[in-house]
Each structure stands twice: as C-alpha cells, then as structure tokens.
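A closer look at the structure
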Amino acid sequence: MDTPPKTVKEAAVILLYEMSGRDKLVLRNTSKEDLILAHLSWGAEIRNKFCLGSGNDELIKDAKVDHPDSVSAVIMEVVWEELQAQ
C-alpha cells in the first residue's frame, strides 16, 4: 500500500480484501460489544497500517472522531458490519 486510505470505507475495503477466511469467520461470530477486546491487537495494527498516529488527517476527519484510537474503532465496526451483512 503506497498511499494510505483517505476514507473509512476505503480502509474497510482494504482490510476485508487482506483478511483471511478464518479471520472473517471469527469476526463474523464476534459480537459488536466484544470488538473492544481487539482494540490493543487489531486496533493497533489498523492504527499503524493506516498511519493514524502520524498524519493521516483525511482518514481521521472522515471517521468524524478526533483520536487515532477512535478512528481504528470506527474502522473495526465498519468491517464488522460488512461481514454481518454478507
């Protein structure tokens, strides 16, 4: 990935594309309330992957929150919602 995504939707599409079938199944079977349990692992991966701590202001703005931790939580929820809809 040369350029980090600028929208939450773009970030979710990237994550879904890269996610293994097993990981999709696990996430699909996770309750929305339990997503917080992945905050330190998957959330940190998202923050690092999409440069949330170092200037991806467009993605932060699109998430409509003001902290990288909150942005990763928004992205995680969008990915989770997409998997629930499948």
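In case you missed it, the structure is sitting above this.
Computed from a predicted model, the values in this text were never measured in an experiment.

Conventions used here
Residues numbered from 1 in each chain as written. Predicted model: local features only at pLDDT ≥ 70, side-chain atom pairs only at ≥ 80, totals over all residues. Heavy atoms only, no water. Helix = DSSP H or I, 4+ residues; strand = E, 2+ residues; numbered from the N terminus. Rg over C-alpha atoms; globule rule 2.2 N^0.38 Å. Buried < 20%, exposed > 50% of the residue type's maximum accessible area, 1.4 Å probe, protein only. Contact = heavy atoms within 4.5 Å. Areas by Shrake-Rupley, 256 points an atom, 1.4 Å probe, with all protein chains shown as cover. Lys, Arg positive; Asp, Glu negative; His and termini not counted. Charge placed at Lys NZ, Arg CZ, Asp CG, Glu CD. Polar contact = N/O pair within 3.5 Å; in protein donor to acceptor, adjacent residues only side chain to side chain. Core = buried A, V, L, I, M, F, W, Y, C linked by side-chain atoms within 4.5 Å. Axes fitted to C-alpha atoms, helices over the stretch in contact; angles between N-to-C directions. Parallel < 35°, antiparallel > 145°, perpendicular 65-115°, else oblique. Left-handed = near helix turned anticlockwise from the far one by under 90°. Nonpolar A, V, L, I, M, F, W, Y, C, P; charged D, E, K, R; others polar.

This paragraph deals with the overall build of the protein. The secondary structure content of the protein amounts to five helices and zero strands. Helices and strands appear in the protein in the N-to-C order α-α-α-α-α. For 86 residues, the compact-globule estimate of 2.2 N^0.38 gives 12 Å, and the C-alpha radius of gyration of the protein, at 12 Å, lies within 12% of that figure. Summarising its shape, the C-alpha atoms of the protein cover approximately 35 × 25 × 20 Å along the three principal directions. Counting across all 86 residues of the protein, residues that qualify as buried make up 34%. At a minimum sequence separation of 6, the contacts of the protein that also span at least 24 residues come to 70%. Approximately 5400 Å² of the protein is accessible, and the part contributed by carbon and sulfur atoms is 52%. When the 10 positive and 15 negative side-chain charges of the protein are each reduced to one mean point, those points stand 3 Å apart.

Structurally, serine 72 is set in helix H5 (residues 68-85). At a separation of 2.8 Å, a polar atom in the side chain of serine 72 contacts the side chain of arginine 47. Setting aside anything within four residues of it in sequence, one finds serine 72 in contact with His39, Gly43, Ile46, Arg47 and Leu52.

Time to look at the nonpolar core. Membership of the largest hydrophobic core comes to 22 residues, with the highest contact counts inside it found for Leu27, Trp42, Ile46, Phe50, Ile75 and Val79. For this core, the elements supplying multiple residues, two or more each, are helix H1 (8-18), helix H3 (42-49), helix H4 (57-63) and H5. Once residues within four sequence positions are removed from consideration, tryptophan 42 is found in contact with Leu15, Met19, Leu27, Met76 and Val79.

This next bit is on unusual backbone geometry. Leaving glycine aside, a negative phi is the common case for residues, and trans is the common case for peptide bonds. Its identity as a non-glycine residue notwithstanding, cysteine 51 has a phi of 55°, on the positive side. Mapped onto the secondary structure, cysteine 51 falls in the loop between H3 and H4. For cysteine 51, a relative accessible area of 29% corresponds to the partly exposed category. The phi dihedral of lysine 64 is positive, around 60°, even though this residue is not glycine. Along the chain, lysine 64 falls in the loop between H4 and H5.

A pair of packed helices can be characterised by two numbers: the angle between their axes and the separation between those axes. Viewed as axis vectors pointing N to C, H1 and H5 meet at an angle of 60°, and their least axial separation amounts to 9 Å. With respect to H5, the axis of H1 lies oblique. As for the relative orientation of H1 and H5, their crossing is right-handed in sense. Note on element contacts: H5 touches H1 through Val74, Ile75, Val78, Val79, Glu82 and Leu83, opposite Val8, Lys9, Ala11, Ala12, Leu15 and Leu16. Per-class residue counts for the contact of H1 with H5 are 10 nonpolar, no polar and two charged.

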